[in-house]
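Commentary on secondary and tertiary structure
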Amino acid sequence: MSVVITEPNDQEHHEHDHHDHKPSGITRWLYTTNHKDIGTMYLVFALIMFFIGGTMAMVIRLELFQPGMQFVEPHFFNQMTTVHGLIMVFGAVMPAFTGLANWMIPMMIGAPDMALPRMNNWSFWILPFAFLILLLSLFMPGGGPSFGWTFYAPLSTTYSGDSTALFVFSVHIMGISSIMGAINVIVTIWNMRAPGMTWMKMPLFVWTWFITAFLLIMVMPVLAGVVTMVLTDKYFGTSFFDAAGGGDPVLFQHIFWFFGHPEVYIMILPAFGIVSAIIPTFARKKLFGYASMVYATASIAILSFLVWAHHMFTTGMPVFATLFFMYATMLIAVPTGVKVFNWVATMWRGAMTFEVPMMFALAFIVLFTIGGFSGLMLAITPADFQYHDTYFVVAHFHYVLVTGAIFSIVAAVYYWLPKWTGNMYDETLGQWHFWCSLISVNLLFFPMHFVGLAGMPRRIPDYALQFADFNAFISIGGFLFGLSQLIFVWVLIKCARGGVKATDQVWEGAEGLEWEVPSPAPYHTFETPPVIK
Amino acid sequence: MTTKTYEKYYVPAQSPWPIVGAVALFFIAFGAGHLVIDVSKQQSGFGGYLLLLGFAVLVFMLVGWFRNVIDESMSGLYSSQMDRSFRQGMSWFIVSEVMFFMAFFGALFYGRVIAMQWLGGSSNNAMTFELLWPNFEPVWPLVKTPGGIETQAMPWTGLPLINTAILVISSVTLHFAHTGLEQQKRGQLKLMLLLTLLLGATFLGLQVYEYIHAYQDLGLRLDSGFYGNTFFLLTGFHGLHVTLGAIILLFVFFRVLKGHFTPEKHFAFQAAAWYWHFVDVVWICLFVIVYIL
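Being a predicted model, the structure only gives us computed values, none of them experimental.

A few points about the domain arrangement of chain A
Residues and elements named next belong to chain A. Parsing chain A into structural domains produces domain 1 (35-243) and domain 2 (268-520). In this structure, domain 1 and domain 2 have C-alpha centres spaced 19 Å apart. Those elements that provide at least two residues to the side of domain 1 that touches domain 2 are helix 3 (35-63), helix 4 (74-109) and helix 7 (204-235). When residues of the side of domain 1 that touches domain 2 are assigned to their parent elements, the largest contribution, eleven residues, is made by helix 4.

Looking at the nonpolar core
Among soluble globular proteins, nonpolar side chains are generally buried collectively. Counting 255 residues, the largest nonpolar core has Val 93, Ile 186, Val 226, Phe 360 and Ala 411 of chain A as the members making the most contacts within it. With 23 residues, the top contributor of residues to this core is helix 7 of chain A. Grouped together as the second largest cluster of nonpolar side chains are five residues, Tyr 78, Met 82, Phe 86 and Met 90 of chain B included.

Details of the environment of Leu 362 of chain A
As for its position among the elements, Leu 362 of chain A is in helix 13 (residues 356-379). Sequence separation between Leu 362 of chain A and Trp 343 of chain A is 19 residues; the distance between their C-alpha atoms is 9.3 Å.

Comments concerning the UniProt feature "domain: Cytochrome oxidase subunit I profile" (unreviewed entry) in chain A
On the UniProt side, "domain: Cytochrome oxidase subunit I profile" (unreviewed entry) is annotated at positions that read residues 29-533 of chain A here. End C-alpha atoms of residues 29-533 of chain A are separated by 36 Å, and the span's content is 68% helix alongside 0% strand.

Looking at the UniProt feature "transmembrane region" (unreviewed entry) in chain B
All names here are of chain B. Under the present numbering, the feature "transmembrane region" (unreviewed entry) in UniProt falls on residues 17-37, 49-70, 90-111, 189-212, 232-254 and 274-292. Helix makes up 100% of residues 90-111 and strand 0%, and the two end C-alpha atoms of the span are 32 Å apart. Its end C-alpha atoms 26 Å apart, residues 274-292 is made of 100% helix and 0% strand.

Overview of the domain arrangement of chain B
One can read the domain layout of chain B as domain 1 (14-77) and domain 2 (80-292). Taking the mean C-alpha position of each, domain 1 of chain B and domain 2 of chain B sit 25 Å from one another.

About the criteria used
Residues numbered from 1 in each chain as written. Chains lettered and ligands numbered in written order. Predicted model: local features only at pLDDT ≥ 70, side-chain atom pairs only at ≥ 80, totals over all residues. Domains from an automatic or database assignment. Helix = DSSP H or I, 4+ residues; strand = E, 2+ residues; numbered from the N terminus. Core = buried A, V, L, I, M, F, W, Y, C linked by C-beta atoms within 7 Å. Buried ≥ 20, exposed ≤ 12 C-beta atoms within 10 Å, placed from the backbone. UniProt positions renumbered as here; feature names shortened; annotations may be inferred.

Quick look at the structure:
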C-alpha cells in the first residue's frame with residue numbers, strides 16, 4: 001500500500017485535481033464516513049437543539065415576566081428549567097463544538113479524515129435518538145424530568161416522576177456518544193498529524209480540543225456511574241443517596257460535580273481555541289504567547305479535577321474542605337488570566353478590522369471575563385453562602401456559557417462559513433445579528449446579578465414583588481435575544497444558497513492549513529498529507 | 001523536492017452500520033427505560049420487547065460491522081498508522097472504563113470513610129447522630145444500616161479467594177497465548193486461549209453461585225443498605241465486563257482457528273487481551289477493597 005508522492009510544492013495543484021464526487025440522497029448523510037458531512041450534521045443538530053432549548057427558555061421568561069403564576073404550572077416550569085439546561089449543555093453546546101472539531105481538526109493538522117470515520121458517524125447518530133427519548137419523556141404521564149439539569153438526589157430519586165428511567169438511559173447513550181467522539185478526536189490528533197506538524201505547531205483550536213477530549217474521556221463515565229446510582233436508588237432499592245441505608249445525598253453532589261466541573265471546561269476550552277484563532281487573523285499578528293496558551297489550557301484542565309466541591313459550599317462540608325476548594329478554584333483565575341492577557345496583547349498595535357467573527361470574539365473576551373469575575377466572587381466560601389442558588393449564579397454561568405461558549409461558536413461559524421460553503425456571508429446582516437445579540441444578551445443577563453444579590457432564588461416560578469421591574473426587563477431582553485438568533489438563521493441560509501465567492505484564504509490575515517485548501521473545501525482534503533515546514 | 005514513501009490511510013466508504021447501531025441503542029435505551037418503569041409499577045408493557053429488539057439489532061450491527069472490518073484487515077487495507085489508531089482508541093476506551101469503575105469505588109470510599117462516620121456522630125455531627133439514629137454503630141462492613149436493615153458480610157476466604165486465583169491464572173494463560181502467537185506456536189496459542197476462556201466461564205459460574213449464596217444464606221441483597229449496594233454494583237458491573245471480555249475472546253478464538261492473526265499484525269487479539277487484563281486488575285482492586293478491607 002505504499003504510495004510514492006512528490007513533496008511539497010506539488011501539493012496545491014494536486015489538491016485541485018481530486019475527485020470531488022459526493023454520494024447523493026439521504027444515504028449520503030445516514031451512511032457517511034466523511035468528517036465534513038458529520039461536522040455539518042453535528043452543527044445543524046446543535047442549531048436545532050439551540051432553538052428547542054431556547055423555546056423552553058422563552059417559556060421560563062414568559063412565566064417570570066410578572067410575579068405570580070401567569071402561564072404555566074410550577075411542575076411544568078420545573079420541567080422547562082430542567083430540559084432547557086440538559087438540551088443546551090448536551091444538545092447544543094457540546095455537539096456544536098464536536099461539529100467544529102469534526103470539520104476543522106483534520107483540515108488543520110493535514111489529516112485525510114478523522115481516525116475512526118465509521119465510529120464518528122455512530123457518535124453523531126446516537127444524539128438525535130438520545131434527545132428524542134428525552135423529549136418524548138416530557139409527554140409521559142407525570143411529565144418529564146423536573147429535578148433540574150443537575151438532578152440532585154433526593155429530587156431525582158425519592159421525589160422524581162416515572163419518566164426518570166428514560167432520562168437515565170438517554171443520558172447513558174449521550175455519554176456513549178460523547179466518549180466515542182472524544183476518543184476519535186484524541187486519536188486523530190495524536191496519530192494523524194501530517195509530517196512536520198509537531199505538537200507545538202498545532203493550532204490552538206486543536207490543542208484545546210485535544211485537552212477537552214481528555215477531559216471528556218475522564219468524566220463522562222463518572223456521569224454514567226452517577227445516573228446508574230440514581231436509577232438503582234429510585235427503582236431497585238439501593239441507598240447510595242439515602243442516609244437511612246448508610247448513604248448520603250451529598251455523595252450524589254460529590255460524584256455529580258466531579259463530572260460537572262470538568263464538564264464546564266469541556267464547554268469552554270474549545271471556545272478558547274476558537275478565540276485564539278480569530279483574534280490573530282483580524283489583528284493581523286501572530287498569537288501572543290502561544291506556548292503559554294498551551295500550558296494555561298493544560299493547567300486549567302488539571303485544576304478542573306480539584307475544584308468540584310465549590311458547587312457545594314452550603315452542604316455543611318468541613319471548613320478545611322471548603323477552604324481547599326476555595327483556594328483551588330481561585331487558582332484557576334491565573335491560567336485564565338494568562339489567556340485573556342495574551343488575547344489582548346495579540347491585539348496590541350495590531351492592524352485590526354472588525355468583521356463579524358472578530359466582533360463576536362471581542363465580545364467573548366469582555367463578557368466571558370465578566371462571567372469569570374462573578375465566578376471568582378462565587379468561589380469565596382463565605383460570600384457564596386449569600387449567592388448560592390440565587391439568580392447571581394444563573395447570571396454567572398449564562399455569561400460564561402452564552403456570551404462565552406455560544407458567542408465563540410457563533411464566531412467560529414462566521415469565521416469558517418466561507419470555507420465551508422465557498423460563499424461569503426452577508427456582512428451587514430451579520431453585524432445586525434451581532435449588535436442585536438450583544439445588546440439583548442446584556443439586557444437579559446446583567447440584571448440577574450442584581451436580583452440574585454438581593455436574594456431572588458433560581459428555579460422558582462414566582463418571586464417577591466420587589467423583583468418585578470427587573471424581571472420584566474430581563475424577560476424583554478430574553479425575547480429580544482431569542483428573536484436576534486433568527487437573523488443568524490437567515491444569514492446561514494442566505495450564505496448556504498449563494499453569495500460573493502470566497503477566496504481560498506478568505507481572511508487577509510488568516511494562517512493555517514485550512515486556508516490553503518480551496519473554498520468550499522473539497523469533499524476529501526489531504527488524502528496525501530502535506531509537509532509542514 | 002523530496003520523494004518519500006507514504007502509506008495511505010484507509011478511509012472507509014459509506015457504511016450503514018453506524019446508523020443501525022444508533023437505532024439499536026435507541027431501542028435499548030427506550031426499551032430499558034420503559035422496562036424499568038413497568039417493573040417498578042408491576043405492570044406489563046412493551047419495554048422488554050423493545051429492549052430485546054434493540055439487542056438483536058445491536059448484534060446484527062456488530063456482526064456486519066466487524067465482518068467489514070475483518071475483510072478490510074485481511075485484504076491488507078490497514079496501514080501501521082491505522083493499527084496505531086485502533087490501539088490508541090482501545091487504550092482510551094479502557095481509560096474511560098477505569099473511570100466508570102472509579103465512580104463506584106469513589107462512592108464506596110465516601111460512604112465508608114466519610115458518610116458512615118458522620119452518621120455515627122464524628123466531626124460536628126453529634127446532634128445528627130443523637131437525634132436521628134442514636135443506636136447506629138458505624139462499623140464496616142455495614143451489616144446494620146441506620147434505618148435498621150440487617151445483613152451479613154461476604155467473607156473474602158473461600159469462594160472469592162478461589163475466584164481471584166482463577167482470574168489471575170486466566171490473565172497468565174492469556175499472556176502465554178500471546179507469546180504463543182508471537183512465536184508462532186499455534187498449539188500453545190489455541191490451548192492457552194481455550195484455557196483462558198474456560199477459566200473466565202468458571203469465574204462467572206462461581207460468581208453466580210456466590211450471588212445465590214449471598215441472597216439465600218447471608219441475606220445480603222442489592223437493597224440491604226450501602227454495603228449491599230456497593231457489593232452488588234461493583235461485582236455486578238465487573239461480572240458484566242468479564243462476560244463482555246469473554247465474548248470478545250471467544251470471537252478472537254474463532255479467528256485464531258481461521259488463522260487470521262500473524263505475529264506482526266493481531267490488533268484484535270491484542271485489544272481483547274488488554275481488555276481481559278484490565279478486567280483482571282479491576283477484580284484485584286475489588287477483591288482487596290470490597291472483600292478484604
